[in-house]
Amino acid sequence: MPKLYEITEAIEAAAPLALQEPWDNSGWQIAPLGTDAACTGVLLCLDVTPAAVAEAVGRGCNLVISHHPLIFKGPKQIVSAPDASPQTLAIIDAIRAGVAVYSSHTALDNAPSGPSAWLASRLGLRDVSVLSPSSPGAASGLGLVGSLPEPCTLEGFMSLVRLVYGGPVGFTPGPCGGESQIRRVALCSGSGGEFIPLALRAGADAYITSDIRYHDLLDWGTRIILADTGHYESEICTKSIFSAIISEKFPNFALHMCHSERSPLLTHVQD
């Protein structure tokens, strides 16, 4: 049975903490029993919520690995109360249950095998390069730009993006009012609206990211096709990435995908 730190060492081999952005808090969030305790199982999730912690306990896991940090803007107090935040409750529940939490956020985003690479592969992009390199010429960084195998119409591109991301996506018409032929595509998982100028500079016909600000859509949406996806839909693939990384080193170890998490937004209404 591997130690907790041996599991996270596998993550850090693929996504070194040195790659994280200065404002981030990737790495160990809590470890009630220390990091050298034996790992009984791992729950993989996007967000650490009380429901995710409960699922980990129910599955016999004493390690939760998430993409979004449990502790990002540090709480000023940890008090169990009726108005306690989900973050506070998740911290309390995890400590009580002896569950450790490790998060790989922008360390994974910047890694060559991170979520942008996962999405680019499923979109079929070829000859990809980093959109915003960590340093000049680096293979690590945020976002990617590449080419589709064949040019496609906006309608075809919209169908492809919605299929890969698995949720609703909003699109701007671009410079040709929806009549563009799209070949070169840039993307960034998570919130990457600040990279729209880089996508234009890279010659992209379209740029895919999430949480694009209204005025960025207004200012840039007639110069480049912008595809605004759900944040959840653009990063839920991190669970599969973590699974592949850990399974390569520990092929027979108990890994569990979190089943309790959903996008915070309703994407459709069932009859």
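Our subject is the structure that appears above.
These numbers come from a predicted model, not from an experiment.

**Details of the pairing of strand S9 (residues 206-210)**
Turning to step 1, where the next piece is worked out: Of all 5 residues in S9, 5 are buried; the element is thus mostly enclosed.
Turning to step 2, where the next piece is worked out: Examined bridge by bridge, strand S8 (residues 181-191) and S9 share 4 bridges and lie parallel to one another. Bridge assignment links Leu-187 to a residue of S9, and that residue is Ile-208.
Turning to step 3, where the next piece is worked out: Tracing the backbone out of S8, into helix H7 (residues 196-201) and back to the parallel element S9 gives a crossover that is right-handed.
Turning to step 4, where the next piece is worked out: Sheet analysis places S9 next to strand S10 (residues 225-229), joined by 5 bridges and oriented parallel. Among the inter-strand pairings, Ser-210 is bridged to a residue of S10, identified as Thr-229.
Turning to step 5, where the next piece is worked out: With helix H8 (residues 214-220) bridging S9 and its parallel neighbour S10, the resulting β-α-β unit is right-handed.

**Notes on the sheet that holds strand S11 (residues 255-257)**
Turning to step 1, where the next piece is worked out: Taken together, the 5 strands give an open sheet; going across it, the order is S1-S4-S3-S2-S11, and neighbouring strands pair in mixed fashion. Strand pairing shows two members of the sheet lacking a second neighbour, strand S1 (27-30) and S11, which therefore form its edges. If you compare each strand with its neighbour and ignore which way they point, the axes differ by 25° on average.
Turning to step 2, where the next piece is worked out: As paired elements, strand S3 (residues 63-66) and strand S4 (residues 100-103) share 4 bridges and run parallel to each other. Its bridge partner lying in S4, Val-64 is registered against Val-101.

**A word on unusual backbone geometry**
Turning to step 1, where the next piece is worked out: For Asp-127, which is not glycine, the phi dihedral falls at a positive 50°.
Turning to step 2, where the next piece is worked out: Turning to its location among the elements, Asp-127 is positioned in strand S5 (residues 126-133).
Turning to step 3, where the next piece is worked out: Overall, Asp-127 belongs to the exposed group, its relative accessible area being 71%.
Turning to step 4, where the next piece is worked out: Backbone geometry places Asp-211, a non-glycine residue, at a positive phi of 60°.
Turning to step 5, where the next piece is worked out: Following the sequence through the fold, Asp-211 ends up in the loop between S9 and H8.

**Structural notes on the pattern of salt bridges**
Turning to step 1, where the next piece is worked out: Applying the stated criterion to the full structure yields 3 salt bridges.
Turning to step 2, where the next piece is worked out: Between Arg-59 and Glu-55 there is a salt bridge; the shortest N-O distance is 3.2 Å.
Turning to step 3, where the next piece is worked out: Between Glu-261 and Lys-239 there is a salt bridge, with the nearest N and O atoms lying 3.2 Å from each other. Here Glu-261, found in the segment after S11, pairs with Lys-239, found in helix H10 (residues 238-249); they are 22 residues apart in sequence, far enough to count as distant.

**Regarding the packing of aromatic side chains**
Turning to step 1, where the next piece is worked out: Within this structure, the stated rule accounts for 3 aromatic pairs.
Turning to step 2, where the next piece is worked out: Ring geometry for Trp-28 versus Tyr-102: centroids 5.4 Å apart, planes at 80°, classification edge-to-face. Taken together, the residues Trp-28 in strand S1 and Tyr-102 in strand S4 connect sequence positions 74 residues apart.
Turning to step 3, where the next piece is worked out: Judged by relative accessible area, which is 0%, Tyr-102 ranks as buried.

**Quick word on the nonpolar core**
Turning to step 1, where the next piece is worked out: The biggest cluster of nonpolar side chains holds 24 residues, and the ones touching the most others in it are Ile-7, Ile-11, Cys-39, Val-42, Leu-63, Ile-65 and Ile-246.
Turning to step 2, where the next piece is worked out: Those residues within four positions of Ile-11 in sequence are excluded, and the remaining contacts are Ile-65, Tyr-102, Ser-104, Phe-242, Ile-245 and Ile-246.
Turning to step 3, where the next piece is worked out: Judged by nonpolar contacts, the second largest core, of 22 residues, contains Leu-144, Cys-152, Tyr-165 and Ala-206.

The rules behind these values
Residues numbered from 1 in each chain as written. Predicted model: local features only at pLDDT ≥ 70, side-chain atom pairs only at ≥ 80, totals over all residues. Heavy atoms only, no water. Buried < 20%, exposed > 50% of the residue type's maximum accessible area, 1.4 Å probe, protein only. Helix = DSSP H or I, 4+ residues; strand = E, 2+ residues; numbered from the N terminus. Pairing = 2+ DSSP bridges. Right-handed = clockwise from strand over helix to strand, strands pointing away. Axes fitted to C-alpha atoms, helices over the stretch in contact; angles between N-to-C directions. Salt bridge = Lys/Arg side-chain N within 4 Å of Asp/Glu carboxyl O. Phe/Tyr/Trp six-rings, centres within 6.5 Å; stacked < 30°, edge-to-face > 60°. Core = buried A, V, L, I, M, F, W, Y, C linked by side-chain atoms within 4.5 Å. Contact = heavy atoms within 4.5 Å.

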